[in-house]
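Descriptive structure summary
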Amino acid sequence: MKVLHSGTLAASAGGPAMSTYLTLRGLRYLGIDAQIIMFLQKEGENLRGNDISIHYVKSNPKTPLGYAASYKQDVIELGDYDIYHAQGVWQWNTYALASAARQCHKPYLITPRGMLYPQDIKKSNAFLKKLSLKLRLLKDLNKAACVHVTCEEEMRHCRNLGVTSPIAIIPNPVEIKDYPYRKEDDGKNQSSGVRRIGYLGRISRRKNIEGLIKAFHELGSEAEDAELLIIGGGDKEYERELRNLVAKCHLTNVHFTGFLIGEEKDKALASCSVLAMPSEFENLGNVVLEGLVRRIPCIATKGSPWEELHTHYCGWWVPYTQADITNAVRSALNATEDELQTMGQNGRKLMEERYSVEAIAGKMKALYEWILGICSKPDFVYF
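Described below are features of the structure shown in this document. Worth saying up front: this structure is predicted, and the values here are computed from it rather than measured. (Residues numbered from 1 in each chain as written. Predicted model: local features only at pLDDT ≥ 70, side-chain atom pairs only at ≥ 80, totals over all residues. Heavy atoms only, no water.)

1. Quick notes on the sheet that holds strand β7 (residues 167-169)
- If you walk across this open sheet you meet the eight strands as β3-β2-β1-β4-β5-β6-β7-β14, and the pairing is mixed. Each end of this open sheet is capped by a strand with a single partner; those strands are β3 (53-56) and β14 (381-382).
- Across four bridges, the pairing between strand β1 (residues 2-6) and strand β4 (residues 83-87) is parallel. Within the sheet, the bridge partner assigned to S6 lies in β4 and is A86.
- Where helix α14 (residues 357-371) meets the sheet, it contacts β1, β4, β5 (108-111), β6 (146-149), β7 and β14, and its direction lies at approximately 130° from that of β4. (Pairing = 2+ DSSP bridges. Helix = DSSP H or I, 4+ residues; strand = E, 2+ residues; numbered from the N terminus. Contact = heavy atoms within 4.5 Å. Axes fitted to C-alpha atoms, helices over the stretch in contact; angles between N-to-C directions.)

2. Looking at the pairing of β1
- Judged by how many residues are buried, β1 sits mostly within the fold: four of five residues are covered.
- In terms of strand pairing, β1 meets strand β2 (residues 33-38) through five bridges, oriented parallel. Opposite H5, over in β2, you have I36 as the bridge partner.
- Taken together, β1, helix α1 (residues 15-29) and β2 form a β-α-β motif whose crossover is right-handed. (Buried < 20%, exposed > 50% of the residue type's maximum accessible area, 1.4 Å probe, protein only. Right-handed = clockwise from strand over helix to strand, strands pointing away.)

3. Concerning the pattern of salt bridges
- The final tally for this structure, using the stated rule, is 23 salt bridges.
- As a salt-bridge pair, K58 and E77 come within 2.8 Å of each other at their nearest N and O atoms. Highlighted residues: K58 in the loop between β3 and α2 (71-77) and E77 in helix α2, separated in sequence by 19 residues.
- In this structure K58 comes out as exposed when scored by relative accessible area, which is 63%. (Salt bridge = Lys/Arg side-chain N within 4 Å of Asp/Glu carboxyl O.)

4. Comments concerning the packing of helix α7 (residues 210-219) against helix α12 (residues 322-334)
- Two numbers describe how α7 lies on α12: the axes approach to 9 Å, and their chain directions differ by 65°. With respect to their mutual orientation, α7 and α12 come out roughly perpendicular. Two packed elements cross with a definite hand, and for α7 against α12 that hand is right-handed. Only Q322, I325, T326, V329, R330 and L333 of α12 make contact with α7, whose side of the interface consists of G211, L212, K214, A215, F216, E218 and L219. (Parallel < 35°, antiparallel > 145°, perpendicular 65-115°, else oblique. Left-handed = near helix turned anticlockwise from the far one by under 90°.)

5. Section: the environment of H310
- Mapping H310 onto the fold places it in helix α11 (residues 308-311).
- A residue is classified by how much of its surface remains accessible, and H310, at 57% relative accessible area, is exposed.
- In the structure, H310 is positioned eleven residues away from I299 in sequence and 9.8 Å away in space, judged by C-alpha atoms.

6. Describing the packing of aromatic side chains
- Scanning all chains against the criterion turns up seven aromatic pairs.
- For the ring pair Y67 and W92, a centre distance of 4.9 Å and an interplane angle of 65° mean the geometry is edge-to-face. Taken as a pair, Y67 in the loop between β3 and α2 and W92 in helix α3 (residues 92-103) lie far apart in primary sequence, 25 residues in all.
- The partly exposed category is assigned to W92, whose relative accessible area is 26%.
- Their ring planes at 65° and their centres at 5.7 Å tell us that Y81 and Y84 sit as a pair that is edge-to-face.
- Among the aromatic side chains, those forming a connected cluster through ring pairs are Y67, W92 and Y95.
- Across the ring face of F256, the terminal group of R243 is positioned such that the distance to the ring centre comes to 4.3 Å.
- A cation sits over an aromatic face here: R294 above Y179, 4.0 Å from the ring centre. (Phe/Tyr/Trp six-rings, centres within 6.5 Å; stacked < 30°, edge-to-face > 60°. Lys NZ or Arg CZ within 6 Å of the ring centre and 35° of its normal.)

7. Focus on the sheet that holds strand β13 (residues 315-318)
- Across the sheet, which stays open at both edges, the six strands sit in the order β10-β9-β8-β11-β12-β13 with parallel pairing between neighbours. The strands lining the two open edges of the sheet, one partner per strand, are β10 (254-258) and β13. Across this sheet, the average inter-strand angle for adjacent strands is 20°, counted without regard to direction.
- In the sheet, strand β12 (residues 298-301) pairs with β13 via four bridges, with the strands oriented parallel. By the bridge assignment for β13, A300 is matched with W317.
- Helix-sheet contacts for α12 involve β8 (195-200), β9 (226-231), β11 (274-277), β12 and β13, and the interaxial angle to β13 is about 170°.

8. Observations concerning α7
- Where α7 is concerned, the buried positions are G211, L212, I213, A215, F216 and L219.
- Residues of α7 that are buried in the fold lie against β8, β9, α8 (236-248), β11 and α12.
- Just downstream of α7 lies G220, where phi reads positive at about 55°.

9. Topic: a nonpolar patch on the surface
- Residues F127, L128, L131 and L135 make up a contiguous nonpolar surface patch of roughly 430 Å² in combined accessible area.
- For L131, a relative accessible area of 36% corresponds to the partly exposed category. (Patch = residues over 30% accessible without salt bridge, like charges linked within 9 Å, V, L, I, M, F, W, Y side chains within 5 Å. Areas by Shrake-Rupley, 256 points an atom, 1.4 Å probe, with all protein chains shown as cover.)

Any link to function would need more than the numbers given here.
This is the structure in structure tokens:
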């Protein structure tokens with residue numbers, strides 16, 4: 001089987017690039033010739049991995065929507081594929097890939113990557129997004145052999161927008177391995193001996209990072225022996241606002257690391273007792289995957305599909321309010337060493353059983369085979 005994805009493996013793209021890379025790697029491990037077409041990365045930009053067959057578009061994007069005149073023809077010139085799979089929506093590469101697949105009379109899938117949540121549509125260019133949905137995107141979604149989402153809530157949002165295609169629910173994968181650095185058993189920072197809460201991901205307004213800063217401010221003396229570590233880069237203006245908020249609150253225990261990869265990222269995560277994802281909404285949230293696979297308990301809001309943090313006792317799943325986020329941080333800071341250790345072990349077990357690269361790639365392979373008429377419909381596909 002030969003499959004062409006469109007999207008990006010640029011490390012700066014965050015979670016979507018990581019999950020795309022791990023999915024492609026898992027498919028190739030199962031014997032599927034999974035490839036990707038993407039724009040040339042910027043100078044000095046790192047890729048999530050170099051062991052994937054990558055094709056680059058001949059022309060660079062000319063607009064914020066990523067329009068590139070040659071994209072469709074570049075796809076067609078690569079030759080025949082059994083299936084085409086677009087990662088993300090609103091960008092020209094998805095429209096071009098869907099159009100190329102139809103011209104080649106081959107099936108295609110679209111993975112919205114959480115971009116069809118009502119909150120995401122509202123956050124920027126809402127008018128243009130709604131117009132695009134009406135004029136083009138909804139047609140492409142409904143002509144797709146299947147739409148791939150990561151949770152039931154994302155499926156509901158797709159249906160509410162009028163998506164009638166079959167929808168497959170397959171979560172993002174996480175790499176199961178032993179990491180060279182690990183937090184100490186007492187959940188304390190290895191260097192300074194303080195309890196550390198970490199944020200990992202893009203610096204973006206919808207991530208509500210200020211919710212963690214406000215929590216530390218509201219906790220006052222309760223958090224004076226703790227630290228907040230913000231790992232990531234992105235929106236420079238928003239980061240300035242966050243730094244100004246830290247200064248306004250007179251907090252000396254909040255630190256920004258910038259964007260980290262490789263050993264630096266592993267060391268930073270290993271110093272955290274708990275990772276927090278205070279977002280208003282997430283279709284999955286790779287920070288939770290990154291934490292649990294490292295045996296780090298996590299905090300997530302109910303704007304994300306992480307009820308398993310509660311049901312599997314590996315973290316805190318709380319309503320999206322400042323009071324609840326603050327209380328979750330308080331609970332994390334007051335948790336005993338044994339509690340953190342048990343949560344960490346439970347989280348690792350959950351990742352191994354349900355979210356491994358092999359498990360997710362197996363589901364994706366079954367989905368492709370169903371689309372090609374090779375096997376019966378998987379139970380994670382809904383009409």
